[in-house]
Structures are given as structure tokens and as C-alpha cells.
Amino acid sequence: MKKIQSLKSTGSFCRNDIKYRKGAYADKRLGRWFPRNMRTSMFTLFLMGFFLFIHHLVYSPHFDREIQKIISSQKDVKTIQSHEVMNSMVLHPRLLRMASVSLARQKGGSEQNVSFWKETVQASFWKPCSSAQVKRNITNPILNDNETRYILVSANGGLNQQRVAVCNAVAVAAMLNATLVIPKFLYSNVWKDPSQFNDIYQEETFIKVLRDDVHIIKELPAHLRSLNLEAIGSLITDADLSKEATLDEYMKKVVPILSHNGIVHFLGYGNRLGFDPIPYKLQKLRCKCNFHALKFSEKIQKGGSLLLRRLKKYSKRRSMVEEQLLDSNMKHGISLDEASLSAYIALHLRFEVDMVAYSMCDFGGGDKEKLDLQAYREEHFPLLLERLKKTRPLSPTELRRMGRCPLAPEEAALVLAALGFDGNTNIYLAGSEIYGGQSRMQPLISLYPNIITKGNLLSPSELAPFRNFSSQLAALDFIACAASDVFAITDSGSQLSSLVSGFRTYYGEGNAPTVRPNKKRLAAILQESSTINWHTFQERTKKMIEEDQRPHKRGLGKSIYRHPHCKECMCKNQ
């Protein structure tokens, strides 16, 4: 029995000894493992600590509030960080992100910067005064006799080019002491609009307002209608007159024909009369024609009245601009209280394919964009390409630096955001189809989702009378832009922008501001888009716009239709 117990005791010892040796071996193995895997161990511990820190940060109450702000402010920007961004269609993604955050903060409670909803005080010192009678036979005694001579005009282009042509024709008829036949509008393969003068303007008003200044008739006398004007040498085309021709050129080229044949037909007439040097009374007559004699037809006025009632949410005329645009077609309904009135910006984006192609600029669309625009130029602008072959073409970078590139919708949005217009601002979008479609518009929509067009405001049946008449549709845009609380333009060379801003200056009573970026200065600012901070971008953009908004007298050679701040058109209040 003792022997058995001894064996059991020994066995127990042996097992304990084995366990001890296994433990010793394991410890020895572990001791060798740590030195070999120290880097891996440290990296693992670092990752665990980092994730624990992030977990704590994310679930802390303070961070939760901040992240919700950022998510809210970036909500719309995420929309553009998709297929369009991947295709490099966004030009300034960093500035867009900063603009989005800035607008989100405004929405969160800070007040909107309202200074750009008003004009400068100096603007109210001017008032319209070009409606007085202008004495006939302003400059030329040679044709001051009793013989009746006639001027026919066939104006080319769209609504606004034709408007300029009409008023230039009025001035030329007065200068030559000739009878003006109501101008005809040429059909264009670009505009595809058969509208004539009486479809767009009121003929009787036109004749009546100018009756003491120039003789105007609706039709050529019957005995002259069968004349072959080209055969007798009375046809004058744009090729026969210089762009913005001087009075001397009219005396040399037009007066002899008019004296001999008694009739002249200006075919394809457009911008063929310069602004300086022109006699005072002749300039005054051009202003009178543009600002007083050309009243839209009743059909267009009624359509424009509907637009304004739905844009502004009232039915009573509230400004001189609206009164001049709409006459009695803006009903004298009961106005809503001031708090419920709706202010809006009218934005004219001159970013159609013809403008983009002609500019020769690069808009980040890659090789496909370059090929598409070159094909468009070959089809529509062959003369441009021929001219470029004879000169050293400027690079897209040089063109942009010189301010010769149209602003993309994205850049217009950045300007509005920098000026302090908040994300809830209503924006009426004027103009034709934007090049690049939705992908180009997305950055603008992401910052300013309240985009409105005449297609949104008018029902299909209300728009039906205007369809297939591009000039009449453009007239509706003219009304909506001219009556807007703020008119924002991206290209000051556009005829619509030029005429509307001039109309607002003339009738705005100092309450019709226009936001007009200087493209050269803006290009210099945007060149720093990868480094500039938002505050600096805002300050430089505001300074640029404020300097343009100060009333300036019309400079030598500048359009009197766009710059009516001159003694021929306006008077200063004493």
C-alpha cells in the first residue's frame, strides 16, 4: 500500500513537473515573440487607441452638433461631387464648398447682407427727361426741302438687336429729313421667329410719341412698292456701312442715293450708327425712341403682367419701371402687406453654346468639349476660324486673364454668395438654353435651389401664344429682368443685359440695382481659388461690384441705351 501511495505521489510530482516545464517553455517562447513583432504590436496598439479616440469624439454631444451643421451645409455640395466633378465640369470646387458653408451659416440665423438689394444714394439724383420734342432736320440742311424721301429698314438679329436698329433708324431718318416706314424684322435661321414690328411693339404709340420729331408711316406708298431697289442702286447692306458708322459716312454714302432716287433700303440693318460724335438733339431722340416710344404689344404686356404678379406676389403696380413696361395691364388689385411681398433677383446667364464657342475659352469639359465646340465653330463661325489662321491665337488662359470668357453658372453663383444673398433667394433665370445643361447648372442650383423660369410661372396654355416666337419670349424675359429687385448679369456685352440695365437706370428712381461683375477683375480673383480664403474672396468681390454700381456719366463712344446717365437722356435733381 505504501508503495502504491509512493507511486501516486511520484506521478503527481511528474505531472506537476511537466506542467512547470511547459509553462517555462511557453514563457520562453513568448519572450522571443515580442522582440520579433514589436513594430506590429505598437502599430496595433496605436490603431486601437486611434479608433477609441474617434469613437469618443463622434459620440460626444458637442461634435454631434458640429457635424450636423457641416452635413447640413454640405448637403447640396455633395450633389455636385458626383459624375460632373469626375468629368472636371466644376471649375472651383474649393470655393463652392466654402460658399455652401457660408450660406448654411446664414440659414442658421445670421442676417442676410441686404446692401446689394439697393442702389447707391447718388443714383436717385437722376431723373428721366428725354421725352421732350426734338426739332426736325437736326443736322442736314441739304435735304431740307419739300420733297418726300423714304427710308426702309429691315433689321436683323433678335429682339434686342432689332430694338437698337429701330432707334438708330429713327435718328438717321430725322438726320436726313426723311420719312421712315415702320421697320421690318428679318427672319433669322438662328432666332427662327417670324414676328414683325406690330407683334412686339405698339405701332400707334410709336408713331404718336415721335410724330413731332420724325415722320413715320406704316407702309410705303403704293406707286413705290413695285420698285426694284437693288436695280436702281437704293439697297444698302451692312457690308456698305461700317460698324457704328459716323455721320460723315452717311453723308457720303447715303445722301447721294437718297437725293437721286428718293428712297433707300437699309437691308440687314443693325448696329450701324456710332454714339460719338453725334449732335445733342440726335442723341436725345435716340433716348426718346428707346425709353418712351417702344412700348410692348398688349399681348406681351399681359404675359409680362402675369409673370410679375406671380414673381412678386402682388397685383398692383409699385414702381415707375413697371408702369412704363406694362401701362394699364398691371391691374390695380389690392396689394398684400409688405411682409408677404416676394423679392427676387433676375439672372441673365449668357452661357449659350454660340457664346461659349465663339469665346475660344476652356471650361473644363476635357477633349469632348473641345471637339464639340470646334465642330460648332466650323459650322457657324467659319469667318472666325479664317481670321484666327492669320493671327497668333490667344490661349484659353490668356483669354480668361483678359476677361474675355463668359462666366459659367457656377461663377455667377459664387459672386451672388460672396455678395451675401442667402440660399433662400428667389432667382428668375432669363435667357436661352445653357451650354452643358444640368451638369453646368448643378453648382448654381446646389447653392440657390429657388430657380424660377417663365416655364415654371406660366401654364402651358398661358405660354402657348408665345411658343415658336423667340423674340416674344425674350420680351417676357425683358419685362421680368427690368422689374426685378436686383438684376444680375454675367456678360455686359449682351444686348439684353445692356438694354435692361439702361432701362432700370432710366426709370429705376435709384431703386433698381444691377450686379455687373468685371470679368477681368473676377478672373484675377478666381485665379487664386485654390488658396484664397472665403472672407478675402467676399471682400474683393464686393469691392468690385460696389465700384461698378457708382453712377458714372456716359463715357465717349459708350452706348446711350446702356448708359443714360447723360444730359441727352437724364437730368440731375437739384
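Look up a bit, the structure's there.
Residues numbered from 1 in each chain as written. Predicted model: local features only at pLDDT ≥ 70, side-chain atom pairs only at ≥ 80, totals over all residues. Heavy atoms only, no water.

Engineer: Provide a residue-level description of the pattern of salt bridges, including the pertinent values.
Structural biologist: All chains considered together, the criterion is met by 24 salt bridges. Measuring nitrogen to oxygen at the nearest pair gives 2.8 Å for the salt bridge that ties Lys368 to Asp372. Separated by four residues within a single helix, Lys368 and Asp372 lie in helix H16 (residues 366–380), roughly one turn from each other. By relative accessible area, which is 61% here, Lys368 ends up exposed. Under the relative-accessibility criterion, Asp372 is labelled partly exposed at 37%. Overlapping salt bridges, with partners in common, bring together Glu203, Glu204 and Lys218 in one network. (Salt bridge = Lys/Arg side-chain N within 4 Å of Asp/Glu carboxyl O. Helix = DSSP H or I, 4+ residues; strand = E, 2+ residues; numbered from the N terminus. Buried < 20%, exposed > 50% of the residue type's maximum accessible area, 1.4 Å probe, protein only.)

Engineer: Can you explain the side chain of His265? Please cite residues and give values.
Structural biologist: One can find His265 in strand S7 (residues 263–269). Setting aside anything within four residues of it in sequence, one finds His265 in contact with Leu152, Val153, Ser154, Leu229, Ser234, Leu235 and Ile236. (Contact = heavy atoms within 4.5 Å.)

Engineer: A description of the state of the cysteines should follow, citing residues and the corresponding values.
Structural biologist: Disulfides are covalent bonds that link the sulfur atoms of two cysteine residues. Overall, the coordinates contain four disulfides when judged by the stated rule. Each sulfur of the disulfide joining Cys167 and Cys289 lies 2.4 Å from the other. Disulfide Cys167-Cys289: the torsion about the S-S bond is -80°, which places it as left-handed. Taken together, the residues span a long stretch of sequence, with Cys167 in helix H7 (residues 159–175) and Cys289 in helix H12 (residues 280–293) at a distance of 122 residues. Here Cys167 matches Cys289 in class, with each residue buried. Residue Cys361 pairs covalently with Cys405 via a disulfide, S to S 2.0 Å. Its S-S torsion of about -90° marks the bond between Cys361 and Cys405 as left-handed, since a negative value means left-handed. Remark: Cys405 occurs in the loop between helix H18 (396–401) and helix H19 (409–419) and Cys361 occurs in the loop between helix H15 (353–359) and H16; sequence separation between them is 44 residues. Sequence-ordered numbering of the disulfide-bonded cysteines in the protein gives the connectivity 1-8, 2-4, 3-7, 5-6. Free cysteine Cys566: the closest other cysteine sulfur is in Cys569, separated by 4.1 Å. (Disulfide = S-S within 2.5 Å.)

Engineer: An account of helix H13 (residues 298–312) is requested, with residue identities and associated values reported.
Structural biologist: Residues lying three or four places apart along an α-helix face the same way, a consequence of the helix completing one turn every 3.6 residues. For H13, which comprises 15 residues, the first-to-last C-alpha distance of 21 Å matches the rise-based estimate of 21 Å (1.5 Å per residue) to within 8%. Looking at H13, one finds that the buried residues are Ile300, Gln301, Gly303, Gly304, Ser305, Leu307, Leu308, Leu311 and Lys312. One or two positions beyond H13, positive phi appears at Lys313, with a value near 65°. (Expected span 1.5 Å × (residues − 1).)

Engineer: Got a sec to walk through the packing of aromatic side chains? Specific residues and values, please.
Structural biologist: Enumeration according to the criterion identifies 18 aromatic pairs in this entry. Measuring from ring centre to ring centre gives 6.4 Å for Phe291 and Phe503, while their planes differ by 45°; the resulting arrangement is tilted. Here Phe291, found in helix H12, pairs with Phe503, found in helix H24 (residues 495–507); they are 212 residues apart in sequence, far enough to count as distant. Judged by relative accessible area, Phe291 falls into the buried class, the value being 2%. An angle of 80° between the planes, with centres 5.0 Å apart, marks the rings of Tyr358 and Phe381 as edge-to-face. With a gap of 23 residues between them, Tyr358 in helix H15 and Phe381 in the loop between H16 and helix H17 (382–389) connect regions that are remote in the sequence. Overall, Phe381 belongs to the buried group, its relative accessible area being 18%. An aromatic cluster is defined as three or more aromatic residues linked by ring pairs; in this entry it consists of Phe185, Phe197, Tyr201, Phe206, Phe291, Phe296, Phe478, Phe503, Tyr506 and Tyr507. The ring centre of Phe466 lies 5.1 Å from the NZ or CZ of Lys299, which sits over that ring. (Phe/Tyr/Trp six-rings, centres within 6.5 Å; stacked < 30°, edge-to-face > 60°. Lys NZ or Arg CZ within 6 Å of the ring centre and 35° of its normal.)

Purely geometric stuff here, so don't read any function into it on its own.
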